[in-house]
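Summary of the model geometry
Next come the chains, spelled out residue by residue.
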Amino acid sequence: MSGAHFAFTDRWGGVSAAPYEELNLGGAVGDDPDAVRTNRELAAKSLGVDPARVVWMNQVHGAGVTVVDEPWGERPVPEVDAIVTARRGLTLAVLTADCVPVLLADPVAGVAAAAHAGRPGLVAGVVPAAVRAMTELGADPARIVARTGPAVCGRCYEVPEAMRAEVAAAEPAAHAETSWGTPAVDVSAGVHAQLERLGVRDREQTPVCTLESDDHFSYRRDRTTGRLAGYVWLD
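Residues numbered from 1 in each chain as written. Predicted model: local features only at pLDDT ≥ 70, side-chain atom pairs only at ≥ 80, totals over all residues. Heavy atoms only, no water.

**Describing the side chain of T91**
- Following the sequence through the fold, T91 ends up in strand 5 (residues 91–96).
- Residue classification places T91 among the buried residues on the basis of a relative accessible area of 1%.
- Dropping the residues within four chain positions of it, T91 is found in contact with V49, R53, V54, V55, Y231, V232 and W233. (Helix = DSSP H or I, 4+ residues; strand = E, 2+ residues; numbered from the N terminus. Buried < 20%, exposed > 50% of the residue type's maximum accessible area, 1.4 Å probe, protein only. Contact = heavy atoms within 4.5 Å.)

If you want it as structure tokens, here you go:
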């Protein structure tokens, strides 16, 4: 899409030591802060964006959204799970290690968003909240481009039956079964169903399952591990 850029990282090309090797971009998982800072600079430069113009969140598995027009600088980073901007050239970032990174952009309106959609965020409605915030800034769902990145798939995300029922009550499309026949949740399917209902038609889902891929961090697989990032920005 002209003017809109989307990117998802894997775990390689950074400086972090085990168990965070290599390109850990999460600052709250126990890794050396200097390594994380270096990794964030390496990742941004590989994308051709200014590391100082990347905006991060303190993600809390909720549905909070905030609008940004500049990096946080010395201000506290807010506890939200979606950030939205109408400032071209500002890069929004979301951290994940099984949850669904959701990147959204309306290149015509010049509005972009990044959202963190895990199971709780899916149920709470973080993605619809992000789209509403975009429309308030002039975006049109019919023009919004949506990209979702590496996440644990419905064939692998085993949950208790009661939890599956709770999630499916909020989003039926998330009802799933593991490849071995037990209750599961497909968060990516749920996110795309929500986007479909909101009128977002231009959607793509990365096929990578983080739990199955050794090239990606997975909290469910490894517990102590790094974080991947999704990035969205507009020229």
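After that view of the structure, there is still more to cover.
**Brief notes about the layout of surface pockets**
- By volume, the largest pocket amounts to about 1,100 Å³.
- Looking at the largest pocket, it is lined by 42 residues, and the ones nearest its centre are G26, G27, M57, Q59 and L95.
- Counting residues per element, the ones that place at least two in the lining of the largest pocket are helix 1 (33–47), strand 2 (54–55), strand 5, strand 7 (111–117), helix 2 (119–124) and helix 6 (219–222).
- A class-by-class count of the residues in the lining of the largest pocket yields 25 nonpolar, nine polar and eight charged. (1 Å grid on protein atoms, 1.4 Å probe; cavity = no way out; pocket = protein on both sides within 12 Å on 5 of 7 lines; lining within 4 Å. Points joined across faces, edges and corners; volume = space filled by probe spheres on them. Nonpolar A, V, L, I, M, F, W, Y, C, P; charged D, E, K, R; others polar.)

**Comments concerning the packing of helix 3 (residues 126–136) against helix 5 (residues 187–197)**
- Across the interface, helix 3 lies against helix 5 with an axial gap of 9 Å and an inter-helix angle of 35°. Both helix 3 and helix 5 take part in a crossing whose hand is right-handed. Seen from helix 3, the contacting residues are V127, P128 and V131; seen from helix 5, they are V191, Q194 and L195.
- Partitioning the contact of helix 3 with helix 5 into residue classes produces five nonpolar, one polar and no charged. (Axes fitted to C-alpha atoms, helices over the stretch in contact; angles between N-to-C directions. Left-handed = near helix turned anticlockwise from the far one by under 90°.)

**A short note on the pattern of salt bridges**
- The final tally for this structure, using the stated rule, is twelve salt bridges.
- Salt-bridge contacts for R155 lead to E212; the nearest nitrogen and oxygen are separated by 3.4 Å. With R155 in the loop between strand 8 (145–148) and helix 4 (161–170) and E212 in the loop between strand 11 (202–205) and helix 6, the pair connects residues that are 57 residues apart, well separated along the chain.
- Its relative accessible area of 45% is what places R155 among the partly exposed residues.
- Of the charged contacts, one joins E161 and R164 as a salt bridge, the two residues approaching to 2.6 Å between their closest N and O atoms. (Salt bridge = Lys/Arg side-chain N within 4 Å of Asp/Glu carboxyl O.)

**Brief notes about the sheet that holds strand 2**
- Spatially, four strands are ordered 1-12-5-2 in an open sheet, and the strand pairing comes out mixed. The open sheet is flanked by strand 1 (4–8) and strand 2, the only strands paired with a single partner.
- In the sheet, strand 5 pairs with strand 12 (residues 228–234) via five bridges, with the strands oriented antiparallel. Across the sheet, L92 pairs through a bridge with V232, a residue of strand 12.
- Sheet strands touched by helix 1: strand 1, strand 2, strand 5 and strand 12. Its angle to strand 12, the strand with the most contacts, is close to 40°. (Pairing = 2+ DSSP bridges.)

**Some thoughts on the nonpolar core**
- Ranked by size, the top nonpolar core spans 33 residues in total, and within it V102, L104, M134, V191 and L195 carry the most contacts.
- Going through the elements one at a time, strand 4 (82–85), strand 6 (100–106), strand 7, helix 3 and helix 5 are the ones with two or more residues in this core.
- It is helix 3 that contributes the most residues to this core, six residues altogether.
- Sequence-distant contacts of M134, defined by excluding residues within four places in its chain, comprise V84, L104, A105, D106, V111, A112, A113, A139 and I144.
- Core analysis: the next-biggest nonpolar cluster, separate from the first, contains 16 residues, A4, V55, M57 and V68 among them. (Core = buried A, V, L, I, M, F, W, Y, C linked by side-chain atoms within 4.5 Å.)

Geometric values such as these leave the question of function open.
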